Amino acid sequence: MPDFVHLHAHTQYSLLDGLSNIDELLRKAVALKMKAVAITDHGVMYGALKFHNAAKALGIKPIIGMEGYLTTAALDDRTPGVQKQTYHQLLLAKTQQGYKNLMQLTTLAHLQGFYYRPRITWDLLAKYKEGLVATSSCLQGIIPQLILQGQIQEALNQTKKFFELFGKDFYLELQKHIHLKELDLVNKTLIDFSRRLGIPVVATNDLHYVNPEDARAQDALLAIQTKTTLSDKNRLTMIGSPDFYLKSAEEMAHLFPDYPEALKNSLKIADACQVDISTGKWILPDFPLPKNYQSSEKYLRDLAEAGMKQRFKPITH
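What this report covers is the structure whose coordinates are included nearby. Computed from a prediction, not measured in an experiment: that's the story for all the values here.

Quick word on the pattern of salt bridges
- Tallied over the full model, the rule gives 9 salt bridges.
- Between K168 and D169 there is a salt bridge; the shortest N-O distance is 4.0 Å.
- Taking relative accessible area as the criterion, K168 reaches 62% and is therefore assigned exposed.
- Two residues, K247 and D243, come together in a salt bridge whose shortest N-O distance is 3.7 Å. Note on accessibility: K247 and D243 belong to one class, buried.
- Connected through shared salt-bridge partners, K94, K168 and D169 make up one network.

The following block contains the structure:
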């Protein structure tokens, strides 16, 4: 059996885009004898804990990740009526610190960067890169988009920029979907970049649903998201390429017969990711005490009493 792990997977928590039910996804992974599976929802980590616990219960290694939205605009730029350019950015937690950084990026994306989508910037990525694995992402990543626009030198510059930031934890992501002919050019260029710069490639499938027959239901989700109808021929749709499902290792090997290392690197990444989410115990924050206090109990009591006096002070007329 070929070595392969799905590292690009959207669940139902990629709202109005992903259709994969976590339990169903993991049950099929078990049936396909997969050792590990990732969760990489769009801009969020809502499903991370459920996914982690459900995978552990089934004996599958959970890889915690996110496909974030990387913007070239300033984080606080919210010019009315203008949707700023954003690119998809796949990130995987390699270590416990990486998991914490992924949560930090997600939090900041929502609290500080939200504009149409929860966005992160290059500066945030550089600040919270520790313990993370990054890839060039899908067709909507900044590097593939530059390639499709014919800006090959700029795409190469961006590739070097990612490689300098993430080092050995940066991979060029290869995908193949039936009707996405643009992937041929992107893959060819990324393979050239790989050979020129010594950056490894990794094969993924942009998984949005569990089984092939789920494609039409997922298409309905996209129609709802884009506020259109299934009969609209000009709407955003993935139905023309109904292969965004959980493929077997054999199917993935068939797609990349000339690049077995791209499949093996998926397993290499999965092996390197060592994150365990602890549950069932209290994790309390550590608050520094003022210099005139010796115990947190006394400080808490004084704060509570002061607050009570403020809340219930007599009303004067």
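Continuing now.
Quick notes on the packing of helix α1 (residues 22-31) against helix α2 (residues 48-57)
- Across the interface, α1 lies against α2 with an axial gap of 10 Å and an inter-helix angle of 35°. Pair α1 / α2 crosses with right-handed handedness. Note on element contacts: α2 touches α1 through K50, F51, A54 and A55, opposite I22, D23, L25 and L26.
- Broken down by class, the residue content of the contact of α1 with α2 amounts to 6 nonpolar, no polar and 2 charged.

Brief notes about the packing of helix α6 (residues 152-166) against helix α7 (residues 182-197)
- At a minimum axis distance of 11 Å, the contact between α6 and α7 shows a crossing angle of 55°. Classified by the interaxial angle, the pair formed by α6 and α7 is oblique. By crossing handedness, the relation of α6 to α7 is classed as right-handed. Here I152, A155, L156, T159, K160 and F163 of α6 come into contact with α7, specifically with T189, F193, R196 and L197.
- A breakdown of the residues in the contact of α6 with α7 according to their chemical character gives 6 nonpolar, 2 polar and 2 charged.

Notes on α6
- Compared with an ideal rise of 1.5 Å per residue, which puts 15 residues at 21 Å, α6 spans 21 Å between its outermost C-alpha atoms and is within 8% of the ideal.
- When we look at burial in α6, the residues that qualify are A155, L156, Q158, T159, F162, L165 and F166.
- G167, located one to two residues past α6, shows a positive phi value of around 60°.

Focus: the side chain of N205
- Summarising the element assignment, N205 is placed in the loop between β7 (201-203) and α8 (215-225).
- Note on N205: relative accessible area 1%, which makes it buried.
- At a separation of 3.3 Å, a polar atom in the side chain of N205 contacts the main-chain carbonyl oxygen of D243.
- Among the polar contacts listed, one links the side chain of N205 to the side chain of K247, at a separation of 3.1 Å.

Here's the deal with the packing of aromatic side chains
- A complete count under the given rule lists 4 aromatic pairs for this structure.
- Residues W122 and F162 carry aromatic rings whose centres are separated by 4.9 Å and whose planes lie at 90° to one another, so their mutual orientation is edge-to-face. Of this pair, W122 sits in helix α4 (residues 122-127) while F162 sits in helix α6, and the two are 40 residues apart along the sequence.
- According to the relative accessible area criterion, F162 is buried, its value standing at 1%.

As for the pairing of strand β5 (residues 132-135)
- Burial along β5 is two-sided: L132 and A134 and V133 and T135, pointing in opposite directions, are all buried.
- In terms of strand pairing, strand β3 (residues 86-93) meets β5 through 3 bridges, oriented antiparallel. Residue pairing in the sheet places L92 in a bridge with V133 of β5.

Parameters at a glance
Residues numbered from 1 in each chain as written. Predicted model: local features only at pLDDT ≥ 70, side-chain atom pairs only at ≥ 80, totals over all residues. Heavy atoms only, no water. Salt bridge = Lys/Arg side-chain N within 4 Å of Asp/Glu carboxyl O. Buried < 20%, exposed > 50% of the residue type's maximum accessible area, 1.4 Å probe, protein only. Axes fitted to C-alpha atoms, helices over the stretch in contact; angles between N-to-C directions. Helix = DSSP H or I, 4+ residues; strand = E, 2+ residues; numbered from the N terminus. Left-handed = near helix turned anticlockwise from the far one by under 90°. Contact = heavy atoms within 4.5 Å. Nonpolar A, V, L, I, M, F, W, Y, C, P; charged D, E, K, R; others polar. Parallel < 35°, antiparallel > 145°, perpendicular 65-115°, else oblique. Expected span 1.5 Å × (residues − 1). Polar contact = N/O pair within 3.5 Å; in protein donor to acceptor, adjacent residues only side chain to side chain. Phe/Tyr/Trp six-rings, centres within 6.5 Å; stacked < 30°, edge-to-face > 60°. Pairing = 2+ DSSP bridges.

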